[in-house]
Amino acid sequence: MIATVMLLLLALGIVYLAAEMFTNALEHIGERLGVSEGVTGSVFAAVGTAMPETIVPMVAILAGGAAESVNRDVGLGAILGAPFMLGTLSFGLMAFFAGRKRGWHARFKPEPCGLNRDLRAFMLAFSLVIGAALLPEGWESAKIAFAAALFLTYFLYVLKTIQASRALVDEGHSTEADSPLYVSRLLGDGMPAVVLQLLCGLALLVVGARIFVDGVQQASAMFGVSALVIALLVVPVATELPEKVNSILWIRRGRDTLAFGNITGAMVFQSTIIPAAGMLLMPWHFSDIHAAAAVLLAVLGVVWLWFISRVSWFRPIALLLNAGLYMLFVAVVILY
């Protein structure tokens, strides 16, 4: 048990260091390209930090060493667990650190058009993900059509985000780096040094998440938890660490657009590209109560965020409800 705890702490340390390197490099790339914080947070950071949770289900589905049913459970749980974890626990943690830093009633101020675009894209995509799961057995052509629609949704989403960038830059929402490039003393501050730091940060993010997954799996084995529950409840905690830490760093610095965009942009990616690949590679049904609960709570978390962002409740104290949705899922796991 002591060795497992030390492994988890090591993984957390690696992820924190990697997130610092990664966000610093992204800020410099966004600044040099002259793009908005929306592009940097919702596209660059979201896709980059989504690599760990993208790798886990694909490895489970295509190269898993266990029985086919176990591989499917791990793959499905990791795919559904990612948007669930982002829409509940990630927002709750970000709200907690924002409340501690600014006060519980301080208003969040992300760029509203980008946030609304992300939330609309997620709800559209997740509706397709749920709709594909309701298709009768044997409707393979329809499932392929749903997958194609998800790929198209993400392409159009990225296109819209980039198109909106110029106007946002003119309005003062351009990306600006908070601090000098970390490797500048050794390698200078040219674009090759920025790219090298970005790649090193991304590599460390993947390594840290992988170590964390191993540690959590060792701990969970003591309790005899099923593969699907592990994948829904445990794997996303590890693989979503980059988004959580990056957004916490940004929210503490008052960079609300980057903080929210990092999570909501990752949710769009995780509800389009990865489910589309999953439904093409394995059976796509949510018959287990835990999978259905994760899907429902992810939707509730996003609907709540959308609601409070449109009224005067867009404050840390209100967003803590999303963490409560995660705890509700834990209760479902314990009771059922």
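Think of each chain on its own: its residues are numbered from 1, step by step along the sequence as written. The predicted origin of the model limits local features to residues at a pLDDT of at least 70 and limits the giving and counting of side-chain atom pairs to 80 or more, whereas totals for whole chains, interfaces and linings rest on all residues. The basis for every side-chain value is the complete set of non-hydrogen atoms in the structure, without hydrogens or water.

A. Local environment of the overall build of the protein. Helix and strand counts for the protein stand at 16 helices and 0 strands. Only protein chains enter the accessibility calculation, which uses a 1.4 Å probe; a residue whose area is less than 20% of its type maximum is buried, one above 50% is exposed, and one in between is partly exposed. Among the 336 residues that make up the protein, the fraction classed as buried is 55%. Residue pairs at least 24 apart in sequence account for 84% of intrachain contacts in the protein once pairs closer than 6 positions are excluded. Secondary structure elements are taken from DSSP: a helix is a run of H or I of four residues or more, a strand is a run of E of two residues or more, and numbering for both begins at the N terminus. Working rule for contacts: check all heavy atoms of both residues, and any pair within 4.5 Å makes them a contact.

B. Broad picture of a nonpolar patch on the surface. The grouping of Ile-2, Val-5, Met-6, Leu-9 and Leu-12 at the surface amounts to a nonpolar patch, some 500 Å² of accessible area in total. Here Val-5 is to be found in helix H1 (residues 2-33). Val-5 sits in the partly exposed class, given a relative accessible area of 40%. Residues qualify for a patch when their relative accessible area is over 30% and they have no salt bridge, like charges being joined within 9 Å and the nonpolar side chains of Val, Leu, Ile, Met, Phe, Trp and Tyr within 5 Å. Residue burial considers only the protein chains on display, and all accessible areas are found by Shrake-Rupley using a 1.4 Å probe. Salt-bridge detection follows one rule: a side-chain nitrogen of Lys or Arg within 4 Å of a carboxyl oxygen of Asp or Glu.

C. Region of the structure containing the packing of aromatic side chains. Each pair of aromatic rings taken from Phe, Tyr and Trp, with Trp reduced to its six-membered ring, is defined by centres within 6.5 Å and is described as stacked if the planes are under 30 degrees apart, edge-to-face if over 60, and tilted in the remaining cases. A full pass over the atoms with the stated rule returns 15 aromatic pairs. Between Phe-96 and Phe-97, the aromatic rings sit 5.4 Å apart at their centres with planes inclined by 85°, giving edge-to-face as the arrangement. Under the relative-accessibility criterion, Phe-97 is labelled partly exposed at 28%. What links up through ring pairs into an aromatic cluster is the set Phe-91, Phe-108, Phe-260 and Phe-314.

D. Representation of helix H6 (residues 140-163) in the model. Every helix has an expected span of 1.5 Å times one less than the residues it contains. Counted at 1.5 Å a residue, the expected span for H6 with its 24 residues is 34 Å, and the 35 Å between its end C-alpha atoms agrees. Listing the buried residues of H6 in full gives Lys-143, Ala-147, Leu-150, Thr-153, Tyr-154, Tyr-157, Val-158 and Thr-161.

E. Looking closely at the confidence of the model for the protein. Confidence scores here are pLDDT values: one per residue, from the predictor, ranging 0 to 100. Looking at the protein, pLDDT values average 81 and 78% of them are 70 or higher. For the protein, helix H3 (residues 51-63) is the element with the lowest average pLDDT, namely 64, and helix H15 (residues 316-319) is the one with the highest, namely 95.

F. Geometry of the side chain of Thr-257. Relative to the elements of secondary structure, Thr-257 occurs in helix H12 (residues 256-270). The class of Thr-257 is buried, set by a relative accessible area of 11%. As used in this structure description, the phrase polar contact means that two N or O atoms lie within 3.5 Å; if the pair is within protein, one of them must be able to donate a hydrogen and the other to accept it, and residues adjacent in sequence are counted only when both atoms belong to side chains. Separated by 2.8 Å, the side chain of Thr-257 and the backbone nitrogen of Glu-111 make a polar contact.

G. Local environment of helix H5 (residues 112-133). Taking 1.5 Å per residue, 22 residues should reach 32 Å; H5 reaches 32 Å between its end C-alpha atoms and fits that length. Of the residues flanking the start of H5, the one acting as N-cap is Glu-111, its side-chain oxygen 2.9 Å from the backbone nitrogen of Cys-113.

H. Structural view of the packing of H5 against H6. Axis lines are fitted to C-alpha atoms, over the contacting stretch for helices. Their N-to-C directions set the angle, which ranges from 0 to 180 degrees. Their axes nearest at 10 Å, the elements H5 and H6 cross at an angle of 175°. Compared by their axis directions, H5 and H6 come out roughly antiparallel. Along its contact with H5, which presents Arg-117, Asp-118, Ala-121, Leu-124, Ala-125, Leu-128, Val-129, Gly-131 and Ala-132, the element H6 presents Phe-146, Ala-149, Leu-150, Thr-153, Tyr-157, Lys-160 and Thr-161. The residue makeup of the contact of H5 with H6, split by class, is 10 nonpolar, 3 polar and 3 charged. Put simply, angles under 35 degrees are roughly parallel, angles over 145 are roughly antiparallel, angles from 65 to 115 are roughly perpendicular, and the rest are oblique. By the convention adopted, Pro, Cys, Tyr, Trp, Phe, Met, Ile, Leu, Val and Ala count as nonpolar, Lys, Arg, Asp and Glu as charged, and the other residues, Gly among them, as polar.

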